[in-house]
Amino acid sequence: MAIQADRLALYSRNALKLGLFGANCSSGRAVTTVAERWSGSWPDCLRLARLADELGFEFMLPVGRWKGYGGDTDYQGETLETVTWAAGLLAATQRMTVFGTVHAPLIHPVIAAKQFVTADHIGAGRFGLNVVCGWNEDEFEMFGATMRAHQARYEYAREWLNAVKLCWSSREEFDFPGEYVTLRQVRAKPKPFGGGRPVVMNAGASPAGQAFAIRNCDALFSMTPKGKLEEFAAHVQGVKAQARAVGRELDVYTVAVVTCRKSGREAEEYYRHCVIDNADWAAVDRIMAMRGVTRERFPDDFDERRMHQANGMGGVPVVGDPDHVAAELAAIARAGARGIALSFVNYLQEVPFFAQEVLGRLAGMGLRAAG
Ligand SMILES: Cc1cc2nc3c(=O)[nH]c(=O)nc-3n(C[C@H](O)[C@H](O)[C@H](O)COP(=O)(O)O)c2cc1C
């Protein structure tokens, strides 16, 4: 039986959950031209998932992206659709939770709910849902859809998610007379595996996005600002308190981009090689423009932001030898993160060394069981 508390713990007792982020996309999260950049191909994803499952990683989180960012590599130009990707990986793994990252406005909630249930049955209760509202106008245009005003995006998502949850839970036929979503005489069977429901997360950063997560989701994914862990700790405490005030529990997860090598110098050199000397700057500049990050708006730290973007689309860079990497991840955990979604330039090449050297150190710090 998939008990809800076990689902929320991602079926692991480790205090710090670790996952892999962005492996369903070409180049993953590193905006780089280096030859060994991640392929995002199915065989590589499958090998990675089996390896991660064996090593005790708790989750894999894909990026929901429909259109490449261009540049020299067409950054994230090839992406595997996330729910079908999750279904395939769930069939091939035993322990870890695999998320689908789903644009609520682009898929009908009744279809979505049944897809999630199907993946959840394939994984015997290990499917998770990352609901996103979208932030790229060009992706929506591709669907002939219009992106709603920011606040309305999250109002829509609330209705959409309520409809999905009703499909998961209602034993009766139901109507759903929403403002955005109208459903009639819905029958949705089977229910999610084992009586629970998939873990739901969201990565809203704005007040509206965070309020949506606080009121409707199990977990909020928030970026850790580089070098500002106290700020992150205050954020975690704040959103958790807001959730408790409405009778809910909320976990906060974050994102880190890891370059771990035998020595700090080796790690620094590789980091520089990938995301400075060989960054796909044309793609970086397109992403910056799409996000409205211009030198005029951010005169003081535009160059730093540009660099940060090349490195893992903005996740906090963790660069160093195993002692340093373990210490940084532990500090993020101590600041309140329940879990960290990691990315690497080439996941398959780098995860074995990371696992061998860093997981044991984290176990020594009491954050994970010894492997
Ligand atoms: C960890 C993380 C994962 C995200 N994954 C996606 C994604 O796969 N697809 C997407 O369109 N947006 C994704 N986003 C963007 C968020 O859903 C959200 O739109 C963004 O953080 C802006 O927040 P806001 O909508 O509250 O303004 C992600 C953000 C974070 C921090």
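Remember, predicted model here, so these are calculated numbers, not experimental data.

> Would you mind showing me how to read unusual backbone geometry here?
Glycine aside, negative phi is the norm for most residues, and most peptide bonds take the trans geometry. K189 connects to P190 through a cis peptide bond whose omega is 0°. With respect to the helices, strands and loops of the structure, P190 is situated in the loop between β6 (182-186) and β7 (199-202). A positive phi angle, near 55°, is found at Y11, a position not held by glycine. Of note in this structure, Q76 is not a glycine but carries a positive phi near 55°. Here Q76 is to be found in the loop between β2 (59-61) and α3 (82-92).

> So what exactly am I meant to see when it comes to the site of the ligand here?
Contacts to the ligand come from 17 residues, most closely from G64, H150, Y154, A203 and S206. The separation between an oxygen atom of the ligand and a polar side-chain atom of S206 is 2.5 Å. Summarising the interface, the protein chains cover 85% of the accessible area of the ligand, which totals 610 Å² for the free molecule. Breaking the shell around the ligand down by element, the ones donating at least two residues are β3 (97-103) and α6 (150-169). Of the residues in the shell around the ligand, the class split is ten nonpolar, seven polar and no charged.

> How do you make sense of helix α9 (residues 264-277) when you look at a structure like this?
Along an α-helix, residues three or four positions apart point the same way, because every turn accommodates 3.6 residues. Taking 1.5 Å of rise per residue, the 14 residues of α9 would be expected to cover 20 Å, and the 18 Å separating its terminal C-alpha atoms lies within 8% of that figure. Residues of α9 that are buried include every one of A267, Y270, Y271, C274 and V275, and no others. Buried positions in α9, seen along its axis, are confined to an arc of 100° and lie on one side of it. Tucked inside the fold, the buried residues of α9 contact β9 (251-260), α10 (281-290), α11 (302-310), β10 (316-320) and α13 (347-364).

> Help me understand the pairing of β6, please; the structure alone is not making it clear to me.
On any regular strand, side chains alternate: one points to one face of the sheet, the next to the other face. Here strand β5 (residues 174-177) pairs with β6 via three bridges, running antiparallel. Its bridge partner lying in β6, F174 is registered against V186. Hairpin connection, β5 to β6: the antiparallel pair is bridged by four residues.

> Help me understand the nonpolar core in this model?
Where a protein is soluble and globular, its nonpolar side chains tend to be buried together. In terms of nonpolar packing, the biggest core is built from 84 residues, with W160, L342 and F354 touching the most fellow members. In terms of residues, this core owes the most to one element, α6, which gives nine residues. In this structure, F354 is in contact with L18, F57, V258, V325, L329, L342, F344 and L359, ignoring residues within four places of it in sequence.

> Even after reading the chapter, I still don't get the state of the cysteines, so can you show me in this structure?
Simply put, disulfide is the name for a covalent bond between the sulfur atoms of two cysteines. Applying the stated criterion across every chain, the model contains zero disulfides. Free of any disulfide, C25 has its nearest neighbouring cysteine sulfur in C45, separated by 8.7 Å. We classify C25 as buried; its relative accessible area is 0%.

> Looking at this model, I keep getting lost on a nonpolar patch on the surface. Mind explaining?
A cluster of nonpolar side chains, contributed by W66, M142 and F143, occupies part of the molecular surface with about 290 Å² of accessible area. For M142, a relative accessible area of 44% translates into the label partly exposed.

> What is the right way to look at the pattern of salt bridges in this model?
Oppositely charged side chains are able to pair whenever their charged atoms sit close together. Considering all chains together, one arrives at 16 salt bridges under this definition. Where E249 meets R244, a salt bridge forms, and the shortest distance between an N and an O atom there is 3.1 Å. Residue class for E249 comes out exposed when judged on its relative accessible area of 52%. Within this structure, D323, E357 and R361 form a network of salt bridges that share partners.

Each value, and the rule that gives it
- Residues numbered from 1 in each chain as written.
- Predicted model: local features only at pLDDT ≥ 70, side-chain atom pairs only at ≥ 80, totals over all residues.
- Heavy atoms only, no water.
- Helix = DSSP H or I, 4+ residues; strand = E, 2+ residues; numbered from the N terminus.
- Near = heavy atom within 4 Å.
- Polar contact = N/O pair within 3.5 Å; in protein donor to acceptor, adjacent residues only side chain to side chain.
- Areas by Shrake-Rupley, 256 points an atom, 1.4 Å probe, with all protein chains shown as cover.
- Nonpolar A, V, L, I, M, F, W, Y, C, P; charged D, E, K, R; others polar.
- Expected span 1.5 Å × (residues − 1).
- Buried < 20%, exposed > 50% of the residue type's maximum accessible area, 1.4 Å probe, protein only.
- Arc of directions from axis to C-beta.
- Contact = heavy atoms within 4.5 Å.
- Pairing = 2+ DSSP bridges.
- Core = buried A, V, L, I, M, F, W, Y, C linked by side-chain atoms within 4.5 Å.
- Disulfide = S-S within 2.5 Å.
- Patch = residues over 30% accessible without salt bridge, like charges linked within 9 Å, V, L, I, M, F, W, Y side chains within 5 Å.
- Salt bridge = Lys/Arg side-chain N within 4 Å of Asp/Glu carboxyl O.

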